[in-house]
Amino acid sequence: MTATYDAIVIGGGHNGLVAASYLARAGARTVVLESRHKTGGAATTESPWPDAPEFRVTRLSYVMSLMPPTIINDLKLASHGYKVYPMGPYYQAFPEGGSIKLYADDAQRNYESVGKWSKKDAEAMPAWDAWLAGLADVLGPMLLIAPPNIGSRKPRDLLGTLRLAWRHRGLNVRTIADATRLMTMSIADLLDDWFESSQIKGALSVNGVIGTWAGPYEPGTAYVMAHHSIGDIGDGHLGNWGFQEGGMGAVADAIAAAARSFGVEIRVNSKVGRVLVENGRAIGVAMENGDELRAGTIVSTLHPRTAFLDHVGEKNLPADFAKDIRTWKTRSGVVKINLALSELPNFTADPGTELAEHHTGSVEMAPSMEFTERAFLDAREGKPAVRPFSDGVIPTAFDKTLCPEGTHIMSLFSQWVPSDWNLEPHTSELEAYADRMIELYDEVAPNFKASILHRDVVGPYQMEQEYGLIGGNIFHGELSLEQLFHMRPAPGYADYRTPISGLYYGSSATHAGGGVCGIPGWQAARAALADRKVTRSGRSPRAAG
Ligand SMILES: Cc1cc2nc3c(=O)[nH]c(=O)nc-3n(C[C@H](O)[C@H](O)[C@H](O)COP(=O)(O)OP(=O)(O)OC[C@H]3O[C@@H](n4cnc5c(N)ncnc54)[C@H](O)[C@@H]3O)c2cc1C
């Protein structure tokens, strides 16, 4: 069977759905092909316990932040169910006693909270916040630009490089120095320059290692912290981190509803096997069931190894590009533990099982940078962390749609297990790892273990096999310095185009990914639509290669 469309989008994760929405909105007859039984990819709400279907968890990704207002408004996502509750404070209860809360936008309360541990650090907080805000003002808007192919002498790329330089003409020596530090330092070294207390440094270092195959003492982790801390990308102020009502699957559902409203056809249980390439041009796709679909524009939003090495094939790709994708770093050693709880954690430091402010934000297990570093070193030495760190959240502090009244869902985003655990299920070791993680929370909230009604442990193997996250990396590829901006996913191809004309690329492995932000899908659609415009006006789009 062969069907013909204007545009085919491979992958029904949130980026695929965003790309399809923009293509269809511009008039292209568009189909999304998704291999799973449902859309959403890593933005998914599921009921993992067959005997307790009334509990739903946001199984992989768990909080929203970087989706730009342009996408939310263009796709009218609020009218399709996009509704985000801002998170409460960062909270850490310490095994040795006491706790800390950090607020996203309340300097006075931060002063009081931090002052309990160090007066000097409390005094330093406003300057730190201002320093970070200044850097975010520079870095944030960069998330919305298509990186120029630096080094290329093609007119469009030269123009892009000049535009980038012009955009940053206002930067001074000091700002450049600060940005350089941020890009090259470890989060631990950076925080050591600013703060003295291990509690504050532990708290502020978490964002530097989320989803990263690197402990807080590894160079580059300062940037990862900034990536997760940017609050404004020059497109209107973004909300603080927040919980989508109905879990992250509801974000994908809202985008899918928007896509359908523009006329997109969404096919689930539709696994693509190959991109059909003729004379260096993509002309369609072959499905695993043998069907073929044809279109002049194809957007892939899969992991780069799948999109290029499996679907296009090395023989159709320039050798340099194929090598860049083959050597793409895609580890993270993440384990997601989803729990149904009969009651809220009762912290010794802040007693009570009634809903309180400290239940409403991130409920961390990262008491110091040394603790987090040890967890990484264990995994790098080839064993699962003895004492894993966790970025925990309890979305049901706000969202009453996920479980029966009186009960709660808690999601623990934890690290690390060895980077090769994507190759084998490691089921019993993952269960033992989850036991240890739960013990750590039980040490600071002694009702915790007993309150667990159900648990679901998702490790790198399942992430790869079930969700297509090769290597178990949560962003389709590490956010390490050599894989950012003009290098993401490969030098020469950071503008959402690929070596194959007619084939565009908009997964989290491109600039502004990862995360549930939709920017890669939006940019890939924009690149495809721009080329169509150029083609219609009689000039040719960028030559392949
Ligand atoms: C455990 C975990 C926690 C995370 N936490 C957060 C968070 O809190 N906040 C945040 O912003 N981000 C988070 N992320 C990252 C974020 O979820 C991802 O970066 C993002 O969802 C990826 O979106 P995507 O559309 O690019 O790709 P995906 O969501 O991976 O979508 C790709 C789609 O393609 C489909 N597919 C695969 N192969 C084929 C094929 N051959 N044919 C057809 N379809 C195919 C897949 O089934 C999938 O639906 C997390 C990720 C994980 C795994």
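Just so it is clear, the structure is predicted and the values come from calculations on it, not from any experiment. All residue numbers here refer to positions counted from 1 along the written sequence of the relevant chain. Confidence filtering applies because this is a predicted model: local features only for residues at pLDDT of at least 70, side-chain atom pairs given and counted only at 80 or more, and all residues used for totals across whole chains, interfaces and linings. In computing side-chain properties, one takes all heavy atoms of the structure into account and sets aside hydrogens as well as water.

Caption draft 1: Expanded view of the sheet that holds strand 18 (residues 408–415). Pairing is mixed across the open sheet formed by 7 strands, whose spatial order is 8-7-16-17-18-15-19. Bordering the open sheet on either side are strand 8 (99–102) and strand 19 (452–458), each of which pairs with just one other strand. Sheet twist, expressed as the mean angle between neighbouring strand axes with direction ignored, is 20°. Note: strand 16 (residues 362–365) against strand 17 (residues 389–393), 4 bridges, orientation antiparallel. Looking across to strand 17, one finds that S362 is bridged to V393. Strands are labelled as partners when DSSP assigns at least two bridges between them. Elements are defined by DSSP. Helices are runs of H or I of four residues or more, strands are runs of E of two residues or more, and each kind is numbered from the N terminus. Inter-axis angles, ranging from 0 to 180 degrees, are taken between N-to-C directions of lines fitted to C-alpha atoms, where helices are fitted over the stretch in contact.

Caption draft 2: A look at the packing of helix 4 (residues 119–142) against helix 7 (residues 187–194). Remark: helix 4 packs on helix 7, axes separated minimally by 10 Å, with the N-to-C direction vectors making an angle of 125°. Put simply, helix 4 runs oblique to helix 7. Here helix 4 contributes D121, A124, A127, W128 and W131 to the contact with helix 7, which in turn contributes L190, L191 and W194. Side-chain classes follow a simple rule in which Ala, Val, Leu, Ile, Met, Phe, Trp, Tyr, Cys and Pro form the nonpolar group, Asp, Glu, Lys and Arg form the charged group, and the remainder, Gly included, forms the polar group. Class assignment for the residues of the contact of helix 4 with helix 7 results in 7 nonpolar, no polar and 1 charged. An angle below 35 degrees is read as roughly parallel, one above 145 as roughly antiparallel, one from 65 to 115 as roughly perpendicular, and any other as oblique. Here a residue-residue contact requires only that any non-hydrogen atoms of the pair lie within 4.5 Å.

Caption draft 3: Quick peek at the packing of aromatic side chains. Only the six-membered ring of Trp is used, alongside the rings of Phe and Tyr, when aromatic pairs are assigned; centres must lie within 6.5 Å, and planes under 30 degrees apart are stacked while those over 60 apart are edge-to-face, with the rest tilted. This structure, assessed with the given rule, holds 18 aromatic pairs. Consider the rings of W128 and W131, whose centres lie 5.8 Å apart with planes at 25°: the pair is stacked. Taken as a pair, W128 and W131 lie in helix 4 at a separation of 3 residues, close to a single helical turn. For the pair formed by W128 and W131, the shared burial category is buried. Look at W128 and F195: their rings are 5.5 Å apart centre to centre, the planes differ by 75°, and that puts the pair in the edge-to-face class. Placement of W128 in helix 4 and of F195 in the loop between helix 7 and helix 8 (198–205) is noted, with a sequence separation of 67 residues between them. When sorted by exposure, W128 lands in the same class as F195, which is buried. Chaining the aromatic ring pairs together yields one cluster made of W128, W131, W194 and F195. R526 extends its terminal NZ or CZ atom over the ring of W522, reaching a point 4.3 Å from the ring centre. Only protein chains enter the calculation, and the probe is 1.4 Å; a residue is then buried if its accessible area is under 20% of its type maximum, exposed if over 50%, and partly exposed in between. A ring has a charge above it when a Lys NZ or an Arg CZ is no more than 6 Å from the ring centre and no more than 35 degrees off the ring normal.

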